[in-house]
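So the chains spell out like this:
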Amino acid sequence: MAATSVPIRIAMWSGPRNISTAMMRAWENRPDTSVIDEPFYGFYLKTTGKDHPGAKEIIPQCEMDGGKIIATLTGSVPNGRRIFYQKQMTHHLLPLVDRHWLGAVSNCFLIRDPAEVMASYLKKDVDLALEDLGFVQQFEIFNYVRQQTGGIPPVIDAKDVLQNPERILRLLCQAIGVEFDAAMLSWPPGLRETDGVWAKYWYHEVARSTSFQPHKSKAVSLPEEFRGIHERCRECYEQLHIHRLK
């Protein structure tokens, strides 16, 4: 389709330690798509005071006005493209941020088994709190969108994507009204200009990748002290999992 067609803005809501950056790579590899990487991250860091790697470097380079961020996300698609893919972290959408703009984008949800998420997160940071994982916020955003639209927004599970990327991406494209493009299945290695300034702290693995990596099933054992957090995350995950595209 021509660039003058009605723009499609895709907000993909994920928690941390998922395949969210690989998913952004897949969409960015389409010639009709522009992407934006975690637009609320700097705002989130400054507002919460979270001590993330590179926070003092990240904050000055990010937009701090929530209204301006929303205007970018709901405005014209960068570079004259037709599709605007927005990699969003659920925990970055703080309660003080207005939700009405969600009606101007196609909201999708990328989920992952919470035990796998937590095990991955604990390798980076042992100071783990429920709100850092994004499951509760993801379920809240899902319910908000469902209530506002009267329909069930698309949900995809990271495991399903890794087991059969083409099938799940085709289903996702169909659900949001765009044609599937085989270019989404592989991409050149390395970092991108479109990556957030935090890429050097977090994107080592995806920078080496050229496609979605096969899913590897492995037993996960979490410390007993995190049982309560895991149970709460699993409640939210399972409520979304029943709606996943498969």
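In short, a report on the structure. Note that the structure is a prediction, hence the values are computed from the model and not measured. Position labels on residues start from 1 in each chain and follow its written sequence. Per-residue local features of the predicted model are confined to residues with pLDDT of at least 70, and side-chain atom pairs are confined, for both listing and counting, to 80 or more; whole-chain, interface and lining totals are unaffected and use all residues. With hydrogens and water stripped out, all remaining heavy atoms of the structure feed into the side-chain values.

Contact pair helix 7 (residues 135–149) / helix 12 (residues 227–241): the axes reach a minimum separation of 8 Å and the direction vectors enclose 35 degrees. Handedness of the helix 7/helix 12 crossing: left-handed. On the side of helix 7, the interface is formed by Phe135, Val136, Gln138, Phe139 and Phe142, while helix 12 contributes Arg232, Cys233, Cys236, Tyr237, Gln239 and Leu240. When grouped by side-chain class, the residues that make up the contact of helix 7 with helix 12 number eight nonpolar, two polar and one charged. For every element, the axis is a line fit to its C-alpha atoms; helices are fit only across the contacting stretch, and the angle between N-to-C directions ranges from 0 to 180 degrees. Numbering of helices and strands runs from the N terminus, with a helix taken as a DSSP run of H or I at least four residues long and a strand as a DSSP run of E at least two residues long. By convention the crossing between two helices is left-handed if the near helix lies anticlockwise of the far one by an angle smaller than a right angle, and right-handed if it lies clockwise. Only heavy atoms matter for contacts: two residues are in contact if any of them lie within 4.5 Å across the pair. Gly is put with the polar residues, along with every residue not named as nonpolar or charged; the nonpolar set is Ala, Val, Leu, Ile, Met, Phe, Trp, Tyr, Cys and Pro, and the charged set is Asp, Glu, Lys and Arg.

Another point: helix 1 (residues 20–28). Each residue's exposure class comes from its accessible area (1.4 Å probe, protein chains only) as a fraction of the maximum for that residue type: buried when under 20%, exposed when over 50%, partly exposed otherwise. Most of helix 1 sits out of view: eight of its nine residues are buried. Restricting attention to buried positions, one finds in helix 1 the residues Ser20, Thr21, Ala22, Met23, Met24, Arg25, Ala26 and Trp27.

On to the packing of helix 5 (residues 114–124) against helix 12, then. At their nearest, the axes of helix 5 and helix 12 sit 9 Å apart, and the two run at 135 degrees to each other. Comparing the axis directions of helix 5 and helix 12 gives the class oblique. Contact residues: Pro114, Ala115 and Met118 in helix 5; Ile229, His230, Cys233, Arg234 and Tyr237 in helix 12. When its residues are assigned to classes, the contact of helix 5 with helix 12 shows six nonpolar, one polar and one charged. Should an angle fall under 35 degrees it is taken as roughly parallel, and over 145 as roughly antiparallel, whereas 65 to 115 is taken as roughly perpendicular and any remaining angle as oblique.

It is worth spelling out the sheet that holds strand 3 (residues 83–89) at this point. Across the sheet, five strands lie side by side as 2-3-1-4-5; this open sheet has parallel pairing. Edge positions in the sheet fall to strand 2 (33–37) and strand 5 (155–157), since each has one partner strand and no second. Across the sheet, the mean angle separating the axes of adjacent strands is 20 degrees when strand polarity is ignored. In this structure, strand 4 (residues 106–111) lies alongside strand 5, joined through three bridges in parallel fashion. Note that in strand 5 the partner of isoleucine 111 across the bridge is aspartate 157. Strand pairing is defined by DSSP finding a minimum of two bridges between the two strands.

On to the environment of cysteine 173, then. For cysteine 173, the location among the structural elements is in helix 9 (residues 165–176). Look at cysteine 173 and you get buried, because its relative accessible area is 1%. Measuring from C-alpha to C-alpha, the distance between cysteine 173 and glutamate 235 comes to 27 Å, with 62 residues separating the pair along the chain. Not counting the four nearest positions on each side in its chain, cysteine 173 is found in contact with Trp27, Arg30, Val178, Glu179, Phe180 and Met184.

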